[in-house]
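Architecture at a glance
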Amino acid sequence: MPDLTEESAPEAALAIAARSPEIVGRRDKRAWLDLFSADARVEDPVGAGAHTGRAALDTFWEVFIAPQRAIVFRPLRDFARGERVVRYARIATVTAVSETTPFEIPAIVEYRVRDSKIAVLRAFWEARLAVTWHLGQGARGVRGLTTHGARTFSALGFSHTLGFSMAMRPRVSRSDAERIAGLLASGSVAEWRGEASG
């Protein structure tokens, strides 16, 4: 693992963060789990509840990653400062519902790296877009949502199932979200920092 010295910390942190979607793409659960600290926390999407610790991340993989046919992460802009990384990306998922029409969504993913391990991963994306897309696929989409809901309830219980429903309620207005995403896409670091701290 890279040594996170003061000079190399942003570059090293970005390299560690970038391994997460790469490993997900090749579907290597063990390697993915090894990226995280023992007490790591994953919120994906933010608002749907946190998954903390290796056992919880193992379950997260089985519930949300393993069932997908393929997941492709296309980074559009990366920012790294110290041991914190923010990546603006589009994520395309091939599901059992429709192999010919991948579900694609914009996302902002924050990583916090500690001792060359990911300590926090927080993914911001609109959960309701995923539901709307599935409903648009007709009966297969509805069955997919039902299957996913049953799988989530069985593995994670009522609170996480309810949490995903709560995540469908945006906590940031669409206009504010689009403005922040626009700053990320433009690469204006100074403006983005001002927006984030404002």
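Before going into details, it helps to say that this report is about the structure given with it.

The rules we used
- Residues numbered from 1 in each chain as written.
- Predicted model: local features only at pLDDT ≥ 70, side-chain atom pairs only at ≥ 80, totals over all residues.
- Heavy atoms only, no water.
- Pairing = 2+ DSSP bridges.
- Helix = DSSP H or I, 4+ residues; strand = E, 2+ residues; numbered from the N terminus.
- 1 Å grid on protein atoms, 1.4 Å probe; cavity = no way out; pocket = protein on both sides within 12 Å on 5 of 7 lines; lining within 4 Å.
- Points joined across faces, edges and corners; volume = space filled by probe spheres on them.
- Buried < 20%, exposed > 50% of the residue type's maximum accessible area, 1.4 Å probe, protein only.
- Salt bridge = Lys/Arg side-chain N within 4 Å of Asp/Glu carboxyl O.
- Polar contact = N/O pair within 3.5 Å; in protein donor to acceptor, adjacent residues only side chain to side chain.
- Contact = heavy atoms within 4.5 Å.
- Phe/Tyr/Trp six-rings, centres within 6.5 Å; stacked < 30°, edge-to-face > 60°.

A few points about the sheet that holds strand 4 (residues 84-94)
Here six strands make up an open sheet; going across it, the order is 2-1-6-5-4-3 and the pairing mixed. The sheet is open, and its two edges are formed by strand 2 (51-52) and strand 3 (70-81), each paired on a single side. The pairing of strand 1 (residues 36-43) with strand 6 (residues 117-124) spans four bridges and is parallel. Residue pairing across strands places Glu43 opposite Arg122, the latter belonging to strand 6.

Quick look at the layout of surface pockets
Taken as a whole, the second largest pocket encloses approximately 1000 Å³ of empty space. Lining of the second largest pocket is provided by 41 residues; of these, Phe64, Gln68, Thr93, Trp125 and His148 occupy positions nearest its centre. At seven residues, helix 5 (residues 139-156) tops the list of elements feeding residues into the lining of the second largest pocket.

Things to note about unusual backbone geometry
Going from Asp44 to Pro45, the amide bond is cis rather than trans, its omega being 0°. Within the secondary structure, Pro45 is located in the loop between strand 1 and strand 2. The phi dihedral of Arg27 is positive, around 60°, even though this residue is not glycine. Looking at the secondary structure, you find Arg27 in the loop between helix 1 (9-25) and helix 2 (29-34). Judged by its relative accessible area of 35%, Arg27 falls in the partly exposed class. At Ser116, a position not held by glycine, the phi torsion is positive, near 65°. Within the secondary structure, Ser116 is located in the loop between strand 5 (103-114) and strand 6.

Thoughts on the pattern of salt bridges
Scanning the entire structure with this criterion turns up 15 salt bridges. With a shortest N-O distance of 3.4 Å, Glu110 and Arg84 are connected by a salt bridge. Here Arg84 lies in strand 4 and Glu110 lies in strand 5, a separation of 26 residues in the sequence. Judged by relative accessible area, Arg84 falls into the partly exposed class, the value being 41%. Each member of the salt-bridge network shares a partner with another, and the members are Arg41, Glu43, Arg84, Glu110, Arg112 and Arg122.

Quick look at the side chain of Glu110
Under the relative-accessibility criterion, Glu110 is labelled buried at 8%. Reaching out from Glu110, the side chain makes a polar contact with the side chain of Arg84 at a distance of 3.4 Å. Contact partners of Glu110, with chain neighbours within four places excluded, come to Arg84, Val85, Val86, Val120, Leu121, Arg122 and Phe124.

A short note on the packing of aromatic side chains
Scanning all chains against the criterion turns up five aromatic pairs. Judged by centre distance (5.4 Å) and plane angle (45°), the ring pair of Phe103 and Trp133 falls under tilted. With a gap of 30 residues between them, Phe103 in strand 5 and Trp133 in helix 4 (residues 127-135) connect regions that are remote in the sequence.

Describing the pairing of strand 3
Each regular strand displays side chains that alternate between the two surfaces of the sheet. Pairing analysis gives 11 bridges linking strand 3 to strand 4, with the strands arranged antiparallel. Each bridged residue has a counterpart across the sheet, and for Arg74 the counterpart in strand 4 is Arg90. With antiparallel pairing between neighbouring strands as the criterion, strand 3 and strand 4 make up a hairpin whose turn holds two residues, including Gly82 at a positive phi of roughly 65°.

All quantities given are derived from atomic positions and should not be read as evidence of function.
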